[in-house]
Amino acid sequence: MKIGFLGLGIMGRPMALNLLKGGHEVVVWARRAESMQPLLDAGAAGAASPSAVAAAVDVVISMVADAPDVEQVMLGEHGASKGAKPGLVAVDMSTIAPAAARDIGDKLKAAGIDFLDAPVSGGEVGAIAGTLSIMAGGSDAAFARAKPAFDCMGKNVVHVGPSGAGQVAKAANQILTGVGVLAVAEALNFAKKAGADPARVREALMGGFANSKILENHGQRMLDRNFKPGFKSWMHQKDLNIVMKTAHELGLMLPTAAATTQMFNAMVGSGLGEEDSIAVLKLLEDLSGGER
Ligand code: NAP
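All of these numbers come straight from a predicted model, not from anything done at the bench.

Details of the pattern of salt bridges
Under the defined criterion, the tally for this structure stands at 12 salt bridges. The partner of E291 in a salt bridge is K192, and the shortest N-O contact between them spans 3.8 Å. Of this pair, E291 sits in the segment after α14 (280-286) while K192 sits in helix α9 (residues 165-193), and the two are 99 residues apart along the sequence. Since its relative accessible area comes to 49%, E291 is described here as partly exposed.

Description of the domain arrangement of the chain
Looking at the assigned domains, one finds that the chain contains domain 1 (2-162) and domain 2 (168-287). Between domain 1 and domain 2, the contact holds 15 residues from the first and 14 residues from the second. Overall, the association of domain 1 and domain 2 removes approximately 1,100 Å² of surface from exposure, summing both partners, and the carbon and sulfur fraction of that is 67%. When the area that domain 1 buries against domain 2 is broken down by residue, the three leading residues are I10, T95 and P98, summing to 38%. Viewed at the interface, domain 2 and domain 1 are joined by 4 residue pairs in polar contact (both at pLDDT 80 or more). When grouped by side-chain class, the residues that make up the side of domain 1 that touches domain 2 number 10 nonpolar, 2 polar and 3 charged.

Brief notes about helix α6 (residues 98-110)
The first and last C-alpha atoms of α6 sit 18 Å apart over 13 residues, in line with the 18 Å expected at 1.5 Å per residue. Considered for burial, the residues of α6 that qualify are P98, A100, A101, I104, G105 and L108. Down the axis of α6, the smallest arc covering the buried residues is 155°, so these residues share one side. Exposed side chains of α6 directed beyond 90 degrees from the buried face belong to D106 and A110. Elements in contact with the buried residues of α6: α4 (67-75), α5 (80-83), β5 (89-92), β6 (114-117), α9 and α12 (233-250). One or two residues past the end of α6 sits G112, with phi positive at roughly 85°.

Rules and cut-offs
- Residues numbered from 1 in each chain as written.
- Predicted model: local features only at pLDDT ≥ 70, side-chain atom pairs only at ≥ 80, totals over all residues.
- Heavy atoms only, no water.
- Salt bridge = Lys/Arg side-chain N within 4 Å of Asp/Glu carboxyl O.
- Helix = DSSP H or I, 4+ residues; strand = E, 2+ residues; numbered from the N terminus.
- Buried < 20%, exposed > 50% of the residue type's maximum accessible area, 1.4 Å probe, protein only.
- Domains from an automatic or database assignment.
- Contact = heavy atoms within 4.5 Å.
- Buried area = accessible area lost by both parts, 1.4 Å probe.
- Polar contact = N/O pair within 3.5 Å; in protein donor to acceptor, adjacent residues only side chain to side chain.
- Nonpolar A, V, L, I, M, F, W, Y, C, P; charged D, E, K, R; others polar.
- Expected span 1.5 Å × (residues − 1).
- Arc of directions from axis to C-beta.

The following block contains the structure:
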């Protein structure tokens, strides 16, 4: 299959590489030439704009930042919709608000293009390993067309429901991961300040009900004080704002997600936005007498 890929950052780059490894013809575009180079070196073709990518492929995938970026690469002046061949399926795998995904889907449909929202979970590690969780919203026909591409990038590929349903699942995921990363940071900071070795505490907790991928992966990186992103804190703030805005629209109470959102607001406000979301540990330490 011919697959286009727009946006080659921390996640997009390894995802597009896995499409190549899966034997697909891949055409890429990124707004900075240096972002495209690793894909060109690996055998992908480059194109000058999203519309030029769309003209050459059957399925076009975007992996950018937020809803305005998806609008731009899909529907903008040189967006994918401007070059689409009949039958093109457009897939956005970024994390954006469910309402924004439905709106973009409607606009693309009006241009004759079927659209899937298909955000992912599993982080950079999962993107490199091709083991992402992929949660899709959209028509059965579009899902069937995109499935061979999903199978190269993910292990747990679920068609959640109609347009927007994938982003609803992802927002639910971000409640769990946001609260989870804060909980792990709190537990490890607590253990250390209360006089136990946090590495041994983590090891002990990993055998019980408190174990999680977040304790395993993020907990280890907290112990290593490896704050290189991974998943940037400003992105987690973006995702929690999507959660809180959707909850506001629906009149839902999300007390722990709300508190976690405040922590991520403070991360960005205190200059930690470009660091990994596990740097929430630093903020807790700052508010608890420093790192000891
Ligand atoms: P990233 O490294 O910042 O990559 C985003 C890429 O999109 C960048 O290369 C950026 O280009 C490009 N981009 C952004 N806006 C654009 C626009 N308007 N036009 C063209 N290109 C644009 O971020 P990431 O971590 O890969 O995240 C991508 C998406 O995946 C986000 O929605 C994020 O929430 C989601 N996500 C991330 C993770 C994770 O662990 N990192 C996990 C699951 C989901 P430049 O390089 O030129 O800035």
